[in-house]
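Each chain, written out:
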Amino acid sequence: TTELDSGRTCFCHCVCRVYSGHSSHVMNVRFSPHNKWVTSVGGKDRAVFQWRVLPHMQEKQAEPASQAPKVYIYPATQKRLMQDLPEQQATVEPALQEPKEFVPLQTKQPQHTYEITTVTSNIRGAGTDCGVFIIIYGSNGHSGEQKLENHPDNFSRGRADTFSLTLPVGLGQLQRLRIGHDSKGSCPRWHLTHVLVIHKGSEAPPVTFPCGQWFARDEGDGATVRVLQAAALGDNSTTEGSKQPRRYRIEVNTSDVKGAGTDANVSITLLGSAGSSGPHKLENSRNNFERGAVDVFELEAGVGQLQAIRIGHDNTGLGSAWHLKEVLASSPGMGPLQFVANRWLAVNEADGQTFITLRPTSGQGTPPLRKYRVHVHTSDIRGAGTDANVHIVLFGMNGQDSGPLKLENSKNNFERGAEDVFFLELPDLGELTAVEVGHDNSGAAPGWHLEQVVVVEVGSNRCWAFTCDRWLAKNEDDGVIRRRLLPLANSSTTTYRVTTYTSDLRGAGTDAGVWVELRGELDGKLSQGPRLMLDNSSNNFERGAVDTFLLKKQQNLGQLTSVTIGHDSKGMASGWHLDHVEVADDASGVTYYFPCDAWLDKQQGDGAVERLLKAASKEEAAAAEKLAYKVTVYTSDIKFAGTDASVFIDILGNRNGQSTSSGRVALNNSKNNFERAAIDTFS
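Rules used throughout
- Residues numbered from 1 in each chain as written.
- Predicted model: local features only at pLDDT ≥ 70, side-chain atom pairs only at ≥ 80, totals over all residues.
- Heavy atoms only, no water.
- Helix = DSSP H or I, 4+ residues; strand = E, 2+ residues; numbered from the N terminus.
- Buried < 20%, exposed > 50% of the residue type's maximum accessible area, 1.4 Å probe, protein only.
- Contact = heavy atoms within 4.5 Å.
- Areas by Shrake-Rupley, 256 points an atom, 1.4 Å probe, with all protein chains shown as cover.
- Phe/Tyr/Trp six-rings, centres within 6.5 Å; stacked < 30°, edge-to-face > 60°.
- Lys NZ or Arg CZ within 6 Å of the ring centre and 35° of its normal.
- Pairing = 2+ DSSP bridges.
- Salt bridge = Lys/Arg side-chain N within 4 Å of Asp/Glu carboxyl O.
- Patch = residues over 30% accessible without salt bridge, like charges linked within 9 Å, V, L, I, M, F, W, Y side chains within 5 Å.
- Polar contact = N/O pair within 3.5 Å; in protein donor to acceptor, adjacent residues only side chain to side chain.
- Axes fitted to C-alpha atoms, helices over the stretch in contact; angles between N-to-C directions.
- pLDDT = per-residue confidence, 0-100.

**Q** Looking at this structure, I do not really get the overall build of the chain. What am I missing?
**A** Summing up its helical and strand segments, the chain has 1 helix and 46 strands in all. Here the chain holds 683 residues, and 41% of them are scored as buried. A fraction of 67% describes how many contacts in the chain between residues 6 or more apart in sequence connect residues 24 or more apart. Carbon and sulfur atoms form 49% of the exposed surface of the chain, whose accessible area is close to 38400 Å².

Spelled out as structure tokens, the structure:
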């Protein structure tokens, strides 16, 4: 090559052509390894240019006697075992051979083309300019992560974008897909209506993946990646349980009373036969939620038949208290539904709640709401408690879910070794298949070690246990702050919750080390667990105390028949008077009752320090003249709910066709009972 002061480059043995480029000396030129590109480096212009070689642009000319060799491109050498080669090719070829023109290998495998259509919702702020990706899963495998991009206006509001994906192997029957975005760009939000996938050239019908949710860190549940399940064949928007999105018009009526307006951020969650919409922030250009105002919003969600709403605020702003009159919800093809509140949503008014679940006042065959009791067990290890805001999502059959629900009450929740109880009113979710628990990583100490979650359906006493036993912290374990938990069922292991009730007698408490052995019957065979110490960070086994211990990852013993409980007689006051023991099998949801009402003390009674307690059967309970009952009283979590009065109970029943009564029995023990949000247990 020759460098010219004019900034032009001349190639020897080539037809002379002039191209504008560098504005200074060309200092060097190099071909790329495959001879498809030429790179030139300028001098004072400090520029690097890359030129593409176009053979078809060369003009024909008289060839000299010794023609210059053509440019050849060789494939990478493939390593093969000698025994895999035919005998005639097993010899090593000479190193120098006449170069041969490279011919690309022809793929004999058929190509499978999938047409992917994403439909962005036609609501405010639904579009995004983030990078969107997708993974399609089928019965024969998955597509791998594929970026969706073919137009500058992809994923705009109300837009349907179609992409083509070619794979060497078919995916079989499509089952689910994973779609999300990278949260980069000026609009890191996206509201997706649904995804349609068509296998071109195949007789398989198009597969729809309903969504109707936000992909945004500041909307809904904060997820930017979601797994969408394929809709049933023939599913459409007219089916009652479909998640096909529809547009709702929401009218929010603020009461016309003093101080009724709010400056807080208001959100609403739609609950239906097909699940939850997740929280939607209600805002527009107006000054919303003023006294006596009617604010109108539009949102899109796929929840099937609308059964309830959950509305409230985040208690921020100078005037956060809000008096809500009613909410009206309507949609094309659906009559308007009225949700009457007529109450305060404020921490310093009424019951102190800032969120409320409402059912429509009109009939229309809306099923009643179910009440769920959620027990959250924080682990008893150092630093296990959290100051963050904790939320939970309950998943039921047929894709139904509760949406994210904040777990809070007036207590200092989620402390080390604590059990926190919350009540939720939701549409019937059926059999629970999973729960998702997480937090927002806020507060001075957001890290949290979750032991397990137990959900009880009040009224039916159906119970589901979800063991975690892991950190939800960005600086612990795998750094995840949200986990999806599956129920303990049909497993060889389980978690037993052993609750001891120390009698409310003088000297009944003990300082000794207490242990327990469980026995059961599984598949017609007797089974026995190991001797396990009952110990945690609390001061256990005090007079009148109720202590609960989690025995994690224990062998499933089947139906429990008996327990042996005792202590090591160590400590200043080792004598112990035990009223009874309860053991809950979290895998089956069954709770067993083991009466005792005896001393475990060398100086009292028969001198025994360990006792074999048999489970009380239904037949024994029915035949007994007297039966011990456990009474648990839940005081409401509203202002001034507690009492200092003497509380009594009268239990009424029917025995052998005759009405019976226990008579008035005072409910008291050595504790300060019936405080706000307290749970008091009596025997």
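**Q** So what exactly am I meant to see when it comes to the packing of aromatic side chains here?
**A** Two aromatic rings are characterised by how far apart their centres lie and by the angle between their planes. Within the structure shown, the criterion is met by 12 aromatic pairs. Pairwise contacts between aromatic rings join Phe 155, Phe 163, Trp 190 and Phe 215 into one cluster. The ring of Tyr 137 has Arg 176 lying over it, and the distance from NZ or CZ to the ring centre is 4.5 Å. Cation over ring: Arg 226 sits above Phe 215, and NZ or CZ is 5.5 Å from the ring centre.

**Q** Would you take a moment to explain the environment of Ser 186 for this structure?
**A** When you line up the elements, Ser 186 lands in the loop between strand E11 (174-181) and strand E12 (191-200). Exposure remark for Ser 186: the relative accessible area of 61% places this residue in the exposed category. Residues Ser 186 and Asp 129, spaced 57 residues apart in sequence, show a C-alpha to C-alpha distance of 6.8 Å.

**Q** Looking at this structure, I do not really get the pairing of E12. What am I missing?
**A** On a regular strand, one side chain projects to one face of the sheet and the next to the other, so that they alternate. Burial analysis of E12 places 7 of its 10 residues in the buried class, the great majority of the element. Relative to E12, strand E6 (residues 112-120) runs antiparallel, the two sharing 8 bridges. Paired with Thr 113 across the bridge in E12 is Lys 200. The pairing of E12 with strand E13 (residues 207-214) spans 6 bridges and is antiparallel. Directly across from Leu 192, in E13, lies its bridge partner Gln 213. Turn length for the E12-E13 hairpin, with the two strands adjacent in sequence and antiparallel, is 6 residues, and the turn residue Gly 201 shows positive phi of about 80°.

**Q** When you look at the pattern of salt bridges in this model, what are you seeing that I'm missing?
**A** It is possible for side chains bearing opposite charge to pair when their charged atoms get close. For the structure on display, the rule yields 25 salt bridges. Of the charged contacts, one joins Lys 552 and Asp 469 as a salt bridge, the two residues approaching to 3.2 Å between their closest N and O atoms. Of this pair, Lys 552 sits in strand E36 (residues 546-555) while Asp 469 sits in strand E30 (residues 462-472), placing them 83 residues apart in sequence. The exposure class of Lys 552 is partly exposed, given its relative accessible area of 32%. Given the relative accessible area of 22%, Asp 469 is considered partly exposed. Glu 517 is the partner of Arg 531 in a salt bridge, and the nearest nitrogen-oxygen pair spans 2.9 Å. In this pair, Arg 531 sits in the loop between strand E34 (525-528) and strand E35 (532-534) while Glu 517 sits in strand E33 (residues 514-522), placing the two residues 14 residues apart along the sequence. Judged by relative accessible area, which is 46%, Arg 531 ranks as partly exposed. Here the salt bridges do not stand alone but share partners, grouping Arg 470, Asp 477, Asp 478 and Arg 483 into one network.

**Q** What is the right way to look at a nonpolar patch on the surface in this model?
**A** A cluster of nonpolar side chains, contributed by Phe 423, Val 458, Tyr 634 and Ile 679, occupies part of the molecular surface with about 320 Å² of accessible area. One can find Ile 679 in strand E46 (residues 679-682).

**Q** Any chance you could explain the side chain of Ser 32 here in plain terms?
**A** Along the chain, the position of Ser 32 falls in the loop between strand E3 (26-31) and strand E4 (37-42). Engagement of the side chain of Ser 32 in a polar contact is seen with the backbone nitrogen of Lys 36, the distance being 3.3 Å.

**Q** Can you walk me through the sheet that holds strand E38 (residues 576-585) in this structure?
**A** Pairing between the strands of a sheet comes from backbone hydrogen bonds, and it takes one of two forms, parallel or antiparallel. Read from one edge to the other, the open sheet built from 4 strands follows the order E36-E32-E38-E39, with strand pairing classed as antiparallel. The open sheet has two free edges, formed respectively by E36 and strand E39 (590-600), since each of these has just one partner strand. Within this sheet the neighbouring strands show an average axis-to-axis angle of 20°, counted without direction. Across 7 bridges, the pairing between strand E32 (residues 493-502) and E38 is antiparallel. When the bridges of E38 are listed, Tyr 501 appears paired with His 580.

**Q** Can you walk me through the confidence of the model for the chain in this structure?
**A** In low-pLDDT segments, the atomic positions of the prediction should not be examined closely. Across the chain, the average pLDDT comes to 81, with 83% of residues at 70 or higher. Throughout residues 68-72 the model reports pLDDT below 50, and contacts reaching past four residues in sequence, or to other chains, amount to 5 contacts. Confidence drops under pLDDT 50 across residues 235-241; counting only partners more than four residues distant or on other chains, this segment forms 10 contacts.

**Q** For this particular structure, what's the right way to read the pairing of strand E28 (residues 434-439)?
**A** With 6 of its 6 residues buried, E28 lies for the most part within the structure. Taking every second residue as pointing to the same face, both faces of E28 are buried, with Ala 434, Glu 436 and Gly 438 on one and Val 435, Val 437 and His 439 on the other. Relative to E28, strand E25 (residues 390-395) runs antiparallel, the two being bridged by 6 bridges. Opposite Val 393, over in E28, you have Glu 436 as the bridge partner. Pairing analysis gives 4 bridges linking E28 to strand E31 (residues 482-485), with the strands arranged antiparallel. Residue pairing in the sheet places Gly 438 in a bridge with Arg 482 of E31.

**Q** Looking at this model, I keep getting lost on the environment of Leu 407. Mind explaining?
**A** With respect to the helices and strands, Leu 407 occurs in the loop between strand E26 (405-406) and strand E27 (419-426). For the pair Leu 407 and Val 374, spaced 33 residues apart in sequence, the C-alpha to C-alpha distance is 9.1 Å. If near-sequence neighbours (up to four positions away) are discounted, Leu 407 is found in contact with Val 376, Val 390, His 391, Ile 392, Phe 414 and Phe 422.

**Q** Before we go on, may I ask you to explain the sheet that holds strand E5 (residues 48-52) in this structure?
**A** The sheet built from 3 strands is open, its strands ordered E3-E4-E5 with antiparallel pairing. Of all the strands in the sheet, just E3 and E5 have a single pairing partner and so form its edges. Adjacent strand axes in the sheet meet at a mean angle of 20°, parallel and antiparallel pairs treated alike. The pairing of E4 with E5 spans 5 bridges and is antiparallel. Bridge pairing in E5 places Trp 37 opposite Arg 52.

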